[in-house]
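Chain residues, written in single-letter form:
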Amino acid sequence: MCLRLHRPDGVPVGAPEYAGVLALLGGFTPDVQALPPDTALADIRAALRYFGCDAGRLAAVVRVRALALYGVDCTAGVAGNPMLARAAVREARPGGALVVPAEPAAVREFLAGKPATALDGVGPGTARTLCSYGLDSVGRIAAAPPATLRRILGARLGREVHERAQGIDRTPVRPGAAASAVAAERAFDRDELDPVRHRRALLSLTEELGAKLRTQSGRGQVCRTLALTVRCADRTVLTRTRTLAEPTAHSDTLTEAAYALYTGLGLQRARVRALALRAEGLAPAEGAARQLSLDPQDERARRLEAVTDRVRVRFGPHVIARGTLAA
């Protein structure tokens, strides 16, 4: 089961509430993997046998308790493996649960119309390669001969993509696993048409992500990839990913990449319900190489970041913000 947490008032889920829901899940199963800032994976197979209920009922119990104890609502995706559960939670209605039946035919039907990037391990580059051969959906990838996929993608990746297109994911739930990504999300009070407000939300997200990365684990982390997810009013979910020129936690660099991803979507008059950014490919900052800049403005911005980070650590994350965000 994959849970995505959100507050009814649209305010991002805080660390205490997130930790509380993780502990709540731990009361049902010891196999809980945190995916900060608002998602968790749980292996509930033993819990279903112990409590004698189905997955939908267990998800409902978790949701009621999370609302009562922490004021946090839960959207659940239930499936036979982590990849399918994450795909299910992306399609579930807010506050609801989407259960993917275990039957192979039902799994194939659930995956068939999704883009290639819905499969774990298929990034934009791999998706472009597959699309150049007409394999632009999971259904078409699943119907392709395994030998063809191995020839196109190589032996290992071709085998993995073939398995995942069939709905097979051998990745276990890893309790206590270190986070491989950092994410943040902004939900609008109403479906938002204004691109200026979209960009303002993106600026807020990159400020938050940059601060989280720079203060992560005491010594800081950098990310190699940035992913933008746009949730539209018609429940369409658009995702784009960009690999950065160098690993970074610099907010200005993240903002530039986020704006480029947003522009590439060509949303025009789309009614946007929420925007999310995810920093992936994390690594310790102390081991990351950075190209020296001859731009004094860039160096001043980095020194200012260091000062604001210390202020936020001491007085709270919202004590200081850019003037464009405070307006």
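Residues numbered from 1 in each chain as written. Predicted model: local features only at pLDDT ≥ 70, side-chain atom pairs only at ≥ 80, totals over all residues. Heavy atoms only, no water.

A closer look at the nonpolar core
Core analysis: the biggest nonpolar cluster contains 30 residues, and Leu119, Leu130 and Ile141 have the highest contact counts within it. When residues of this core are traced back to their parent elements, those giving at least two are α4 (82-91), α5 (104-112), α6 (124-131), α7 (138-143), α8 (146-153) and α9 (155-165). Ranked by residues supplied to this core, first place goes to α4 with six residues. In this view, leucine 119 contacts Met83, Val138, Ile141, Val161, Arg164 and Ala165; residues no more than four positions away in its chain are not counted. (Core = buried A, V, L, I, M, F, W, Y, C linked by side-chain atoms within 4.5 Å. Buried < 20%, exposed > 50% of the residue type's maximum accessible area, 1.4 Å probe, protein only. Helix = DSSP H or I, 4+ residues; strand = E, 2+ residues; numbered from the N terminus. Contact = heavy atoms within 4.5 Å.)

Structural notes on the pattern of salt bridges
A full pass over the atoms with the stated rule returns 14 salt bridges. Note that arginine 45 and aspartate 43 form a salt bridge whose closest N and O atoms lie 2.7 Å from each other. (Salt bridge = Lys/Arg side-chain N within 4 Å of Asp/Glu carboxyl O.)

A look at the side chain of aspartate 38
Within the fold, aspartate 38 resides in the loop between β2 (32-35) and β3 (39-42). Nearest to the buried, unbridged aspartate 38 among oppositely charged side chains is arginine 4, at 5.6 Å. A distance of 3.0 Å separates the side chain of aspartate 38 from the side chain of threonine 39, its partner in a polar contact. Not counting the four nearest positions on each side in its chain, aspartate 38 is found in contact with Leu3, Arg4, Leu5, Tyr18 and Glu185. (Lys, Arg positive; Asp, Glu negative; His and termini not counted. Polar contact = N/O pair within 3.5 Å; in protein donor to acceptor, adjacent residues only side chain to side chain.)

What to know about the environment of arginine 190
As for its placement among the helices and strands, arginine 190 is situated in strand β6 (residues 181-192). The exposure class of arginine 190 is exposed, given its relative accessible area of 64%. Each C-alpha atom of the pair arginine 190 and alanine 274 lies 9.4 Å from the other, and the pair is 84 residues apart in sequence.

Details of the packing of helix α1 (residues 15-26) against helix α3 (residues 55-70)
The relative placement of two packed helices comes down to the angle between their axes together with the axis-to-axis distance. The interhelical angle for the contact between α1 and α3, taken along N-to-C directions, is 140 degrees, at an axis separation of 10 Å. The angle between α1 and α3 falls in the class oblique. Here α1 runs over α3; the crossing is right-handed. Counting all contacts with α1, which are made through Glu17, Gly20, Val21, Leu24 and Leu25, the residues of α3 involved are Val62, Arg65, Ala66 and Tyr70. Taken together, the residues of the contact of α1 with α3 break down into six nonpolar, one polar and two charged. (Axes fitted to C-alpha atoms, helices over the stretch in contact; angles between N-to-C directions. Parallel < 35°, antiparallel > 145°, perpendicular 65-115°, else oblique. Left-handed = near helix turned anticlockwise from the far one by under 90°. Nonpolar A, V, L, I, M, F, W, Y, C, P; charged D, E, K, R; others polar.)

Focus: the pairing of strand β1 (residues 2-6)
With four of five residues buried, β1 is to be regarded as a mostly interior element. Pairing analysis gives three bridges linking β1 to β3, with the strands arranged antiparallel. Within the sheet, the bridge partner assigned to leucine 3 lies in β3 and is alanine 40. Where β1 lies against strand β4 (residues 73-78), five bridges are found, and the strand directions are antiparallel. Of the residues in β4, the one forming a bridge with leucine 3 is alanine 76. (Pairing = 2+ DSSP bridges.)

What about the packing of aromatic side chains?
For any pair of aromatic rings, geometry is given as the distance between the ring centres together with the angle between the planes. Summed over the entire model, instances satisfying the criterion amount to two aromatic pairs. On the numbers, 5.0 Å between centres and 85 degrees between planes, the contact of tyrosine 50 with phenylalanine 51 is edge-to-face. A residue is classified by how much of its surface remains accessible, and phenylalanine 51, at 38% relative accessible area, is partly exposed. A connected cluster of aromatic rings, assembled from ring pairs, spans Phe28, Tyr50 and Phe51. Geometry around phenylalanine 110 places lysine 114 over its ring, the cationic atom sitting 3.8 Å from the centre. (Phe/Tyr/Trp six-rings, centres within 6.5 Å; stacked < 30°, edge-to-face > 60°. Lys NZ or Arg CZ within 6 Å of the ring centre and 35° of its normal.)

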